[in-house]
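Spelled out from the first residue to the last, the chains are:
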Amino acid sequence: AYAFCSDGNGSVFRSLHAQPYAAAYVHADAGARIAAASLPGGHTALAYLAVYDTTEGHVSQAFVRIDEEPPFRVSDEGAGATDVTLAERGGELVALYADARLAMSPLHARVISYEAGKAHLAPDEVVYVGGGSDHQVHVALASDSAGAMLGLMPTTVDDTFGMAAVKLESPPKIDEPSEISAYLNGINTAPISATLGGKKMYIASVRPITAAATSVRAVELGVAAGAGKFTYTTLGFVASAGSVKDVAMIADKSGALWIHYTDQDGSWLERRACPEKK
């Protein structure tokens with residue numbers, strides 16, 4: 001029922017879709033992404049990042065707020081959070097966050113249940129460890145109607161760069177099985193988005209279209225499938241004017257994909273249908 005929007009100062013506003021008025025809901029790290037999800041019973045959860053002073057200095061941490069309850073920290077004690085996302089599965093929330101560092105980029109998953117106005121957090125599990133990074137690392141969740149779920153994170157892997165697709169069991173476990181979809185070249189700040197709860201798990205990732213260091217970066221559509229060992233199949237690139245800076249995607253009730261992206265000419269919204277093969 002709600003829409004969330006953050007301003008340049010980090011204030012996140014919440015409004016009903018049918019009303020133009022928006023009220024300040026939480027204060028987040030300015031410029032950080034936010035993610036929202038619905039729970040059974042009409043509850044709404046918002047995930048966001050906030051910077052706090054700790055014994056280790058200024059640390060970005062992941063928080064969740066459900067309805068009017070006070071926010072609570074999701075990132076584990078001693079762990080930071082540089083990006084966070086949220087999705088519902090089986091009446092619970094799955095929070096996925098990255099803690100990107102110069103040496104490594106751990107990917108954490110945590111289940112949150114909500115009963116009688118109180119949130120219960122399952123153990124924080126490091127489901128995957130990507131390579132080190134000195135730039136923003138994005139994460140995304142993908143799921144299908146059968147309950148399969150993937151944690152997605154573009155990262156360095158050995159001598160290549162690619163999208164790590166990590167199987168998230170119910171509940172997630174440490175060091176989950178993963179598959180890598182290699183990019184043609186490395187890319188700093190690799191935006192990624194995916195669909196939730198449909199027949200298929202569609203993925204929109206910003207990738208170089210050639211191996212050249214100066215290659216244009218465009219949105220590639222793909223689909224993930226399989227059980228245990230997931231496979232990624234590309235559906236091709238979305239035409240854009242120069243390199244794409246960001247991407248978001250959602251599937252509607254008809255199974256069509258709404259894709260929003262930004263390139264040098266502005267921001268665009270497309271609706272695309274992916275017909276089933278006969």
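The rules behind the values
- Residues numbered from 1 in each chain as written.
- Predicted model: local features only at pLDDT ≥ 70, side-chain atom pairs only at ≥ 80, totals over all residues.
- Heavy atoms only, no water.
- Helix = DSSP H or I, 4+ residues; strand = E, 2+ residues; numbered from the N terminus.
- Rg over C-alpha atoms; globule rule 2.2 N^0.38 Å.
- Buried < 20%, exposed > 50% of the residue type's maximum accessible area, 1.4 Å probe, protein only.
- Contact = heavy atoms within 4.5 Å.
- Areas by Shrake-Rupley, 256 points an atom, 1.4 Å probe, with all protein chains shown as cover.
- Lys, Arg positive; Asp, Glu negative; His and termini not counted.
- Charge placed at Lys NZ, Arg CZ, Asp CG, Glu CD.
- Phe/Tyr/Trp six-rings, centres within 6.5 Å; stacked < 30°, edge-to-face > 60°.
- Lys NZ or Arg CZ within 6 Å of the ring centre and 35° of its normal.
- Pairing = 2+ DSSP bridges.
- Axes fitted to C-alpha atoms, helices over the stretch in contact; angles between N-to-C directions.
- Core = buried A, V, L, I, M, F, W, Y, C linked by side-chain atoms within 4.5 Å.
- Polar contact = N/O pair within 3.5 Å; in protein donor to acceptor, adjacent residues only side chain to side chain.

Asker: Explain the overall build of the protein to me, using residue names and the numbers behind them.
Answerer: In terms of regular secondary structure, the protein is built from zero helices and 23 strands. Computed over the C-alpha atoms, the radius of gyration of the protein is 18 Å, within 12% of the 19 Å expected from 2.2 N^0.38 for a compact globule of 278 residues. Taken along the three principal axes of its C-alpha coordinates, the protein extends 50 × 45 × 40 Å. Here the protein holds 278 residues, and 45% of them are scored as buried. Residue pairs in contact within the protein that sit at least 24 positions apart in sequence constitute 40% of those at least 6 positions apart. As displayed, the protein has an accessible area near 13,700 Å², and 53% of this comes from carbon and sulfur atoms. Each charge class in the protein can be summarised by its mean position, and for the 21 positive and 31 negative side chains these summaries are 8 Å apart.

Asker: Tell me about the packing of aromatic side chains, residues and numbers included.
Answerer: Ring pairs (aromatic) are described by centroid distance and by the angle formed between their planes. The full count for this structure, using the stated rule, is five aromatic pairs. Their ring planes at 45° and their centres at 6.5 Å tell us that Y2 and F4 sit as a pair that is tilted. A relative accessible area of 30% means that Y2 is categorised as partly exposed. On the basis of an interplanar angle of 20° and a centroid distance of 5.9 Å, the ring pair of Y48 and F63 is categorised as stacked. Linking Y48 in strand β5 (residues 43-54) with F63 in strand β6 (residues 57-66), this pair joins segments that are 15 residues apart in sequence. Across the pair, exposure class does not vary: Y48 and F63 are buried alike. Through pairs of rings, three or more aromatic residues link up here, namely Y2, F4 and Y25. The ring of Y2 is capped by R14, whose NZ or CZ atom sits 4.3 Å from the centre of that ring. R65 extends its terminal NZ or CZ atom over the ring of Y25, reaching a point 4.4 Å from the ring centre.

Asker: With reference to specific residues and values, describe the sheet that holds strand β1 (residues 2-6).
Answerer: Across the sheet, three strands lie side by side as β1-β2-β3; this open sheet has antiparallel pairing. A single partner strand is all that each edge strand has here, and the edge strands are β1 and β3 (23-27). Put simply, the sheet's adjacent strands are angled 30° from each other on average, direction ignored. With four bridges connecting them, strand β2 (residues 11-16) and β3 associate as antiparallel partners. Following the sheet pairing, R14 is matched in β3 by A23.

Asker: An account of the nonpolar core is requested, with residue identities and associated values reported.
Answerer: Counting 29 residues, the largest nonpolar core has L150, L152, V219 and I259 as its most contacted members. Those elements giving two or more residues to this core turn out to be β13 (140-143), β14 (149-157), β15 (160-167), β17 (192-194), β18 (201-208), β19 (217-225), β21 (246-251) and β22 (257-263). Of the residues forming this core, the biggest block, five residues, is contributed by β18. With residues up to four places along the chain from it excluded, the contact list for I259 reads L221, V238, V247, A248, M249, W268, L269, E270 and R272. In terms of nonpolar packing, the next biggest core, distinct from the first, is built from 21 residues, A37, V74, Y97 and Y114 among them.

Asker: So what's going on with the pairing of β22? Which residues, and what values?
Answerer: Strand residues, when the strand is regular, have side chains that alternate between the two faces of the sheet. Residue alternation in β22 divides its side chains into a buried set, L257, I259, Y261 and D263, and an unburied set, W258, H260 and T262. One ladder, built from six bridges, connects β21 with β22; its direction is antiparallel. Bridge pairing in β22 links V247 to Y261. Hairpin remark: β21 followed by β22, antiparallel, with five residues in the connecting loop; positive phi at G255, about 90°. In the sheet, β22 pairs with strand β23 (residues 266-272) via seven bridges, with the strands oriented antiparallel. Pairing of H260 across the sheet is with L269, part of β23. Hairpin connection, β22 to β23: the antiparallel pair is bridged by two residues.

Asker: Pulling in residues and values, what's your account of the side chain of D99?
Answerer: Positionally, D99 belongs in the loop between β9 (92-98) and β10 (104-115). Reaching out from D99, the side chain makes a polar contact with the backbone nitrogen of G80 at a distance of 3.2 Å. Leaving out residues up to four positions away in the same chain, D99 has contacts with A79, G80, A81, T82, M104, S105, P106 and H108.

Asker: Requested: an account of the sheet that holds β21, with residues and values cited.
Answerer: Here we have three strands laid out as an open sheet, ordered β21-β22-β23, and antiparallel in their pairing. Because the sheet does not close on itself, it has two edges, and the strands there are β21 and β23. In this sheet, adjacent strand axes meet at a mean angle of 15° when their direction is disregarded.

Asker: Give me the lowdown on the environment of A1, citing residues and values where you can.
Answerer: Inspection of the secondary structure puts A1 in the segment before β1. As a C-alpha pair, A1 and T234 span 233 residues in sequence and 33 Å in three-dimensional space. Other than its neighbours up to four places away in sequence, A1 contacts S15, L16 and H17.

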